[in-house]
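Observations on chain architecture
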Amino acid sequence: MAARLRSVPARSSRGRYKISASMELTSPIEMSDSYPPVVEEVARLAGSPEVRAAFDWFRSQEAQLTQWQMEAARIAAPPFGEAARSAWLAERFRELGLRDVQADEVGNVFGVRPGSGIRSVALSAHIDTVFPATTPLNIRQQGSRLYGPGVADNGAGIAAMLAVAGAIRAARISHTLAVVFIGNVGEEGEGDLRGMRHVFATPRWRDSIAYSVIVDGAGADTVVAEALGSRRFEVIVRGPGGHSWSDFGAPNPIIALARAIQAFSQTPVPSSPKTTFNVGVIRGGTSVNSIPESASMRVDLRSSSMAEIDRLERALRDAVDRAIEAENRAAAGHRTRKPQAVQPEVVMIGNRPAGELAPDARLLQVIGAVDAQLGNTAQVQRASTDANIPLSLGREAIALGGGGSGGGAHTLQEWFDTSGRSLGLRRILLTMLTLAGVAE
Ligand SMILES: [Zn+2]
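Residues numbered from 1 in each chain as written. Predicted model: local features only at pLDDT ≥ 70, side-chain atom pairs only at ≥ 80, totals over all residues. Heavy atoms only, no water.

Glancing now at the sheet that holds strand 5 (residues 140–142). Across a sheet, paired strands are connected by hydrogen bonds in the backbone, their directions being either parallel or antiparallel. Sheet architecture is open: four strands sit in the order 5-6-20-19, paired in antiparallel fashion. Each having just a single partner strand, strand 5 and strand 19 (405–407) make up the two edges of the open sheet. The sheet shows a mean angle of 20° between the axes of neighbouring strands, taken without regard to direction. Both strand 6 (residues 145–147) and strand 20 (residues 415–417) contribute to a ladder of three bridges, which runs antiparallel. (Pairing = 2+ DSSP bridges. Helix = DSSP H or I, 4+ residues; strand = E, 2+ residues; numbered from the N terminus. Axes fitted to C-alpha atoms, helices over the stretch in contact; angles between N-to-C directions.)

Right, dumping it as structure tokens:
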């Protein structure tokens, strides 16, 4: 999971969520006519014998869930190296009786519990980690705590997805819409959401998935309903280089970059929708007495508004062009031996689309009613998750935690505590079943 940028306490009457008034959505969610039936439906489902049996299964099977979680975390799954974990997950899907278990060409793993039509609800968890293949995966358990890289992000999500598949099967719950379980690759870092992007570029899934519930990390206290967009660039400036004394006056890539940074960093950004930029890495040069032949920087642009990201990208490109012109003009003013110029190259190295749930989205009503039913308190958050992809396509999607608690994500000290995990699992199951529909 990428860093959460903002959390907003967001409870209103009857457990419904609204986005805080300080954010882009300035008016509270209107109560829609469909709301009371959702509340009643959630209450009916939560009280039904099958769903209660599924809830009991979560508690009785905690040792199994912990075992799955530790097994998954022990299989290295660096970005672009998820194949072994994909294969392990496909085996679990088969054991749990899912149909049509298959992997696609990028390594996403699918398993289906059929419904009565072609429409479906997707429950997904990313299987990749931020850790390189050489990271020692010392996954261990002490009491209710699990320790080790990836044990919560996304071991908790994988365990929750398997738990929901197991509970629906054990309690013999039949649902109207199909439920598609997806272990997807490429959520973290340079993976750039490639797994979920591929799911929604594939007609079979794109045309059938009505709702997406993404499980990422631990906890039951958040709802990610807004997709923070980001776009990342590497800007490389190349020039003739030379000796600091004898070639003095030749255009200098580091100075050109400095001019670009100076200009770009003046770009105004709105506080709402919150929009940010960062120059995070700068590299280049050979030695203190050499005019560099190249220099580069990495720039990160973020906003919940695609229009703002587009505007920042134009400002960046413009700043680079003007900086190159200025540096070449300055060099032309010197008498160098031959005409020389620096050249820029701007490479996009990351692109995560922004998007958000409409205030009247059914998915927000459902998760609000589920939390009210379970007596759970949660906050609506904006973050960059696999939900960015369906949200940017105008589809309903949210990201939830897999229950329990965790910390130290993206470090070797990562931990997960299984205490209270079943609340998070009940929350996911009830959300899925309400979305999929269960006949009386
Ligand atoms: Zn994650």
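Turning our attention to the packing of helix 3 (residues 62–73) against helix 5 (residues 155–170). When two helices pack together, their arrangement is captured by the angle between the axes and the distance separating the axes. Between helix 3 and helix 5, the shortest axis-to-axis distance is 9 Å and the interhelical angle comes to 135°. Taken together, the axis directions place helix 3 and helix 5 in an arrangement best described as oblique. As helix 3 runs across helix 5, the sense of the crossing is right-handed. For the pair helix 3 and helix 5, contact is made by Leu65, Trp68, Gln69 and Ala72 and by Gly155, Ala156, Ile158, Ala159, Leu162 and Ala163, respectively. Grouping the amino acids of the contact of helix 3 with helix 5 by side-chain chemistry returns eight nonpolar, two polar and no charged. (Parallel < 35°, antiparallel > 145°, perpendicular 65-115°, else oblique. Left-handed = near helix turned anticlockwise from the far one by under 90°. Contact = heavy atoms within 4.5 Å. Nonpolar A, V, L, I, M, F, W, Y, C, P; charged D, E, K, R; others polar.)

Running from N to C, helix 2 (residues 49–60) and helix 5 cross one another at 130°; their axes reach a closest spacing of 8 Å. Our classification of the angle between helix 2 and helix 5 gives oblique. The way helix 2 lies across helix 5 gives a crossing that is right-handed. For the pair formed by helix 2 and helix 5, the contact residues are Ala54, Trp57 and Phe58 on the first element and Ala163, Val164, Gly166, Ala167 and Ala170 on the second. Across the contact of helix 2 with helix 5, the residue classes break down as seven nonpolar, one polar and no charged.

Our focus in this paragraph is the confidence of the model for the protein. Across the protein, the average pLDDT comes to 91, with 91% of residues at or above 70. Confidence over residues 3–16 falls short of pLDDT 50; this stretch has 48 contacts with residues more than four positions distant or in other chains. In this model, residues 18–34 is a region of pLDDT below 50 whose contacts with residues beyond four sequence positions or in other chains number 36 contacts. (pLDDT = per-residue confidence, 0-100.)

This part covers the packing of aromatic side chains. Scanning all chains against the criterion turns up four aromatic pairs. Between Phe264 and Phe277 the ring centres are 4.9 Å apart and the planes differ by 50°, which places this aromatic pair in the tilted class. With Phe264 in helix 8 (residues 253–264) and Phe277 in strand 12 (residues 275–284), this pair connects stretches of sequence that are 13 residues apart. A relative accessible area of 3% means that Phe264 is categorised as buried. Lying over the aromatic face of Trp415, Arg145 brings its terminal NZ or CZ to 3.7 Å of the ring centre. The lysine or arginine in question, Arg426, covers the ring of Phe55, its NZ or CZ lying 5.9 Å from the ring centre. (Phe/Tyr/Trp six-rings, centres within 6.5 Å; stacked < 30°, edge-to-face > 60°. Buried < 20%, exposed > 50% of the residue type's maximum accessible area, 1.4 Å probe, protein only. Lys NZ or Arg CZ within 6 Å of the ring centre and 35° of its normal.)

A few words on the side chain of Thr431. The topology assignment puts Thr431 in helix 12 (residues 421–436). At 2.7 Å, the side chain of Thr431 forms a polar contact with the backbone oxygen of Arg427. Apart from the residues lying within four places of it in its own chain, the contact partners of Thr431 are Val213, Leu363, Val366, Ile367 and Val370. (Polar contact = N/O pair within 3.5 Å; in protein donor to acceptor, adjacent residues only side chain to side chain.)

Between Asp153 and Asn154 the backbone carries a cis peptide bond, its omega angle lying at 15°. Relative to the elements of secondary structure, Asn154 occurs in the loop between strand 6 and helix 5. The omega angle of the peptide bond from Ser272 to Pro273 is -5°, so this bond is cis rather than trans. Mapping Pro273 onto the fold places it in the loop between helix 8 and strand 12. One non-glycine residue, Phe80, lies in positive phi territory at about 70°. Relative to the assigned elements, Phe80 resides in the loop between helix 3 and helix 4 (83–95).

Glancing now at empty space enclosed by the protein. A full pass over the atoms with the stated rule returns one cavity of 30 Å³ or more. The computed volume of the largest cavity comes to approximately 40 Å³. Ala73, Ile75, Ala76, Ala77, Pro78, Arg85, Thr129, Phe131, Pro132, Ala133, Leu137 and Pro149 are the residues that line the largest cavity. Here the lining of the largest cavity is composed, by residue class, of ten nonpolar, one polar and one charged. (1 Å grid on protein atoms, 1.4 Å probe; cavity = no way out; pocket = protein on both sides within 12 Å on 5 of 7 lines; lining within 4 Å. Points joined across faces, edges and corners; volume = space filled by probe spheres on them.)

Further remarks concern the sheet that holds strand 10 (residues 229–238). Read from one edge to the other, the open sheet built from four strands follows the order 12-14-10-15, with strand pairing classed as antiparallel. Where the open sheet ends on each side, the last strands, each with one partner, are strand 12 and strand 15 (343–352). Each strand of the sheet is rotated relative to its neighbour by a mean of 15°, with strand direction disregarded. Direction of pairing for strand 10 relative to strand 15: antiparallel, over a ladder of nine bridges. Counterpart to Phe233 in the pairing with strand 15 is Met348. Relative to strand 14 (residues 294–303), helix 8 is tilted by about 20°, and along the sheet it contacts strand 10, strand 12 and strand 14.

What follows deals with the pairing of strand 7 (residues 178–184). With seven of its seven residues buried, strand 7 lies for the most part within the structure. Burial of strand 7 is two-sided: the residues Ala178, Val180, Ile182 and Asn184 facing one way and the residues Val179, Phe181 and Gly183 facing the other way are all buried. Of the pairings in the sheet, the one linking strand 4 (residues 120–126) to strand 7 comprises seven bridges and is parallel in character. Bridged to Ser124 within strand 7 is Ile182.

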